[in-house]
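# Summary of the model geometry
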Protein chains: 2
Amino acid sequence: MKVFKNPSVAECNAILKRPYNNVDAIESTVIQIFDDVKRQGDNALKKYTAIFDGVDLNEFWVSPEDIEIASENVSPDLKDAMTLAKSNITKFHKSQSSEIKKIETSPGVICWSEQRGIERVGLYIPGGTAPLFSTVLMLAIPAKLAGCKEIILFTPPKADGSITNEILYAAKLCGVTKIVKLGGIQAIAAMTFGTASISKVNKIFGPGNQFVTVAKQLATKYNVAIDMPAGPSELLVYADKSANPIYVASDLLSQAEHGPDSQVVLVSPDCDLISEVKDQLQIQIKKLSRQKIAEKALSNSKLLWVESQEEAIQIINEYAPEHLIVCATNEIEVCEKITNAGSVFVGNFSPESAGDYASGTNHTLPTNGFSKSYSGVNLSAFQKSISFQKLSKEGLLNIGKSIELMAEAEGLMGHKNAVSLRLKDI
Amino acid sequence: MKVFKNPSVAECNAILKRPYNNVDAIESTVIQIFDDVKRQGDNALKKYTAIFDGVDLNEFWVSPEDIEIASENVSPDLKDAMTLAKSNITKFHKSQSSEIKKIETSPGVICWSEQRGIERVGLYIPGGTAPLFSTVLMLAIPAKLAGCKEIILFTPPKADGSITNEILYAAKLCGVTKIVKLGGIQAIAAMTFGTASISKVNKIFGPGNQFVTVAKQLATKYNVAIDMPAGPSELLVYADKSANPIYVASDLLSQAEHGPDSQVVLVSPDCDLISEVKDQLQIQIKKLSRQKIAEKALSNSKLLWVESQEEAIQIINEYAPEHLIVCATNEIEVCEKITNAGSVFVGNFSPESAGDYASGTNHTLPTNGFSKSYSGVNLSAFQKSISFQKLSKEGLLNIGKSIELMAEAEGLMGHKNAVSLRLKDI
């Protein structure tokens, strides 16, 4: 990892540029598979599952029996861990619900909002090297709390047609209503168009590789909402002399092991800390089972030695990290000044792993600078807000004249007339 | 308007099908203009403004002097009306802000969310037949309340290079920071890529024609967020015998005058009401200045005579109207059962015009069935939520073991190690 000394904010834009992926080549593949699924339905899903997952499926649904058997094969300890995580995730996401506040904006004019769960949501859980059952918890728990009626989980089958036990158990634990053995572009296409055996969803959630990301983007063209665009995972640590370099190095490595395209960044005003972290990285990386992946990720990653905290905060907000660890003597002040980040971990005993699994916050977060405009997944991502208004006669009397004037100025006499006719009767 | 008697929910899907617009032909134009603006910057913006708006501009920004002059030319009555509307919109949107709730999910594990305004937002205000200054209020007021630092309004210039006085005044009233004379695809492209004179935005808001809609969809591919996809405006009225047919007809017409592709629907269990509304439509439409537009819209529109309220509610939720008027003896019960709608107007004295201008709710709402997955514009549309967590030693001790177990089960030993190293020290 290279150390940069006192880079300007503009220089940081170049230094911290995310590895660029050209998705144009992928796009034509995605469009073709979407087209195929739209026309051929289940047959296309079977075809692509055979090609990409190497398995011929007669049935996409996971049976209740398979879920029961899987549950028996998850260790009691891991079940307890998931139960604790579920409890914390539930508490935090429940706290995001809002009460109905009826506001009298003018006398006799009452306005309020009510939240409704999105009826059918699709949760995408990647397969691949690690079975990410924790993402099942992060998506299904708020979906259930939000009142979504159908919570359908899509995940690619293994070559023997099965799904990892932990994913099935987590799905059952968190109230997933159906589990579909489908992955990749074909899964997103099935959620978008629906087929004879799979009904289309209103919104698609969850992480995935580049193919899944491009497919989710294409789904929005067909009127399906998505949680957010996704990119490789990333962590920025801001640490001053109050930080423990051993912990900082372990956090950077925990992020680096995600994938070779992960990006980890340390920003610090303390040059001693930077060199201690550098040494620790070398020591700790050797013990990792995913050492090679972490090494590749570290080669994309940067250590920034900054002159002042103010500069550091500017750099952080411009970079807009997915995960941000803040270890600083004045941590509260720093946190207040953070405007762009997905999730923030405060102090020496708040590793990113805590939020990845069990603190209660959501780990589905905006990467790639998207935290400038997107929130991470939370309760409201699974709901939509409906506004209501009820005017009494008095209410319409109070604001009717203003409506008439504004409607007339916009040349919309029908709008004016709807008020005038009523005012005549009051 | 055709009357349909007792259609099933499935039949209603066909009856209430929105007029389909094939946007494929538009798409290539949008891609080309985007490409041009990306490469040629301001020169491309000038070129397309000359082509589409018929005016050669040297400068895209509206000067403070022009805004002052425009303000002097808005009538005091209209200014008062806008001030009342602003007050109500402010009250309602302010009520949507949430306090910071610190939740202790496990002892020593504190999680909370904080909202931050999106830094740079672009508000698109269409030109065209009616100068929609009310949309300026609906977008700029919550943007300002949300804490957005740059609120940049884009609107197409008239052939003489000017902007309607009312739009400039509303922008000034509501805290817009800059006004740009740019419309159509080129405006959305400028917001997406930025040019020498215009900086790119983080999120694009506002309605527009098909070109603008397709351009906004394309913008998301370049990592710019949008409020929601848009389609032609629509109103569904649910009315029983408690409704006044004169009012109902005026509401249907107020929506019909928006554009020839607007859709208006009446659903009622009362066949007498339906025929009275039908008669009233014929009488009232003759008085409208936009009669021809309204007539075209009515030709797309439907009167549904249903057998029961239950059926009506199913039809409404399946259609997911942008605007819904509920005039029913048991209005509270009906409202509780509405799961998909943008904004709901309750009772005989709550015309849609009230929400369009001055009740306080937002009029930027999901059309085309998007209320199944999208909310209308509200305060949180201009913010993103950052989650925070702080664990004490005790906190990590309480959940650390669970994190270790889950990380290990996912094969992420670096994640586990970040916890283990800390637990050793506690």
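Residues numbered from 1 in each chain as written. Chains lettered and ligands numbered in written order. Predicted model: local features only at pLDDT ≥ 70, side-chain atom pairs only at ≥ 80, totals over all residues. Heavy atoms only, no water.

## Considering the domain arrangement of chain A
A common way to express how large an interface is: the accessible area buried when the components associate. Residues and elements named next belong to chain A. What counts is decided by this rule: Domain start and stop points were drawn from an automatic or database domain assignment. Note on contacts: a residue pair is in contact if any heavy atoms of the two residues lie within 4.5 Å. Buried area is understood as the total, over both parts, of accessible area removed when two parts are fitted together, assessed with a 1.4 Å probe.
Parsing chain A into structural domains produces domain 1 (2-19 + 232-360), domain 2 (23-231) and domain 3 (393-425). Of note, the centres of domain 1 and domain 2, computed from C-alpha atoms alone, are 30 Å apart. Listed per partner, the contact involves nine residues of domain 1 and 10 residues of domain 2. Buried surface at the junction of domain 1 and domain 2, summed over both partners, amounts to about 710 Å²; 55% is from carbon and sulfur atoms.

## So, the confidence of the model for chain A
Filter applied, for reference: The score called pLDDT rates the predictor's confidence residue by residue, from a low of 0 to a high of 100.
Taken residue by residue, chain A gives an average pLDDT of 95. The fraction at 70 or more is 99%. Interface confidence for the predicted complex, expressed as ipTM, amounts to 0.96; the pTM equals 0.96.

## A word on the interface of chain A and chain B
Stated formally: By convention in these notes, a salt bridge is any Lys or Arg side-chain nitrogen within 4 Å of a carboxyl oxygen on Asp or Glu. As used in this structure description, the phrase polar contact means that two N or O atoms lie within 3.5 Å; if the pair is within protein, one of them must be able to donate a hydrogen and the other to accept it, and residues adjacent in sequence are counted only when both atoms belong to side chains. Secondary structure elements follow DSSP: runs of H or I of four or more residues count as helices, runs of E of two or more count as strands, with numbering from the N terminus. Any residue outside Ala, Val, Leu, Ile, Met, Phe, Trp, Tyr, Cys, Pro, Asp, Glu, Lys and Arg is labelled polar, Gly included; the first ten of those are nonpolar and the last four are charged.
Every contact between the two is made by 117 residues of chain A and, on the other side, 117 residues of chain B. Of the roughly 10000 Å² buried between chain A and chain B, counting both surfaces, carbon and sulfur atoms make up 57%. Linking chain A to chain B there are six salt bridges. The tally of links from chain A across to chain B stands at 72 residue pairs in polar contact (both at pLDDT 80 or more). In terms of residues, the side of chain A that touches chain B owes the most to one element, helix α16 (residues 393-409) of chain A, which gives 10 residues. Of the residues assigned to the side of chain A that touches chain B, the class counts are 49 nonpolar, 47 polar and 21 charged.

## Comments concerning the packing of aromatic side chains
Going by this rule: Think of it this way: a Phe, Tyr or Trp ring, Trp meaning its six-membered ring, pairs with another when their centres are within 6.5 Å, and the plane angle makes it stacked under 30 degrees, edge-to-face over 60, tilted otherwise. Here's how the labels work: a residue is buried when its accessible area is under 20% of the maximum for its type, exposed when over 50%, partly exposed in between, all with a 1.4 Å probe on protein chains only.
Applying the stated criterion across every chain yields a total of 16 aromatic pairs over all chains. A ring pair is formed by Phe34 of chain B and Tyr222 of chain B, whose centres lie 6.4 Å apart and whose planes are at 35 degrees; its orientation type is tilted. Taken as a pair, Phe34 of chain B in helix α2 (residues 24-40) and Tyr222 of chain B in the loop between α9 (210-221) and β8 (225-226) lie far apart in primary sequence, 188 residues in all. For the ring pair Phe205 of chain B and Phe382 of chain B, a centre distance of 4.0 Å and an interplane angle of 15 degrees mean the geometry is stacked. You can see Phe205 of chain B sitting in strand β7 (residues 203-205) and its partner Phe382 of chain B sitting in the loop between α15 (352-357) and β14 (383-391), a full 177 residues away along the chain. For Phe205 of chain B, a relative accessible area of 0% gives the class buried. Classification of Phe382 of chain B as buried rests on a relative accessible area of 0%. Following the ring pairs from residue to residue traces out a cluster consisting of Phe34, Phe193 and Tyr222 of chain A.

## Considerations on unusual backbone geometry
Peptide bonds are, in most cases, trans, and in most cases residues other than glycine have a negative phi. Residue and element names in this part refer to chain B. Non-glycine residue Asn6 carries a positive phi angle of around 50 degrees. Structurally, the position occupied by Asn6 is in the loop between β1 (2-5) and α1 (9-15). Using a relative accessible area of 30% as the deciding quantity, one classes Asn6 as partly exposed. The phi torsion at Asn368 lies on the positive side, around 60 degrees, for a residue other than glycine. Position of Asn368 among the secondary structure elements: in the loop between α15 and β14. Assessed through its relative accessible area of 29%, Asn368 is described here as partly exposed.

## Examining helix α8 (residues 184-193) of chain A
All names here are of chain A. Burial within α8 is extensive, with 10 of its 10 residues counted as buried. Listing the buried residues of α8 in full gives Gly184, Ile185, Gln186, Ala187, Ile188, Ala189, Ala190, Met191, Thr192 and Phe193. Packed against the buried residues of α8 are α2 (24-40), α3 (42-53), β4 (120-124), β5 (150-155), β7 (203-205) and α9 (210-221).

## Some remarks on the side chain of Thr220 of chain A
Structurally, the position occupied by Thr220 of chain A is in helix α9. Thr220 of chain A sits in the buried class, given a relative accessible area of 13%. Every residue in contact with Thr220 of chain A, bar those within four places of it in the chain, is listed here: Ile226 of chain A together with Gln217 of chain B.

## Some thoughts on the pattern of salt bridges
A side chain with one charge may pair with a side chain of the opposite charge, provided their charged atoms come close. All names here are of chain B. Within the structure shown, the criterion is met by 28 salt bridges over all chains. Here Asp36 ties to Lys47 by a salt bridge, and the two come within 2.7 Å at their closest N and O atoms. Here the residue Asp36 occupies a position in helix α2, and Lys47 occupies one in helix α3 (residues 42-53), the gap between them amounting to 11 residues. Residue classification places Asp36 among the buried residues on the basis of a relative accessible area of 15%. Residue Lys47 is classed as partly exposed on the basis of its relative accessible area of 40%.

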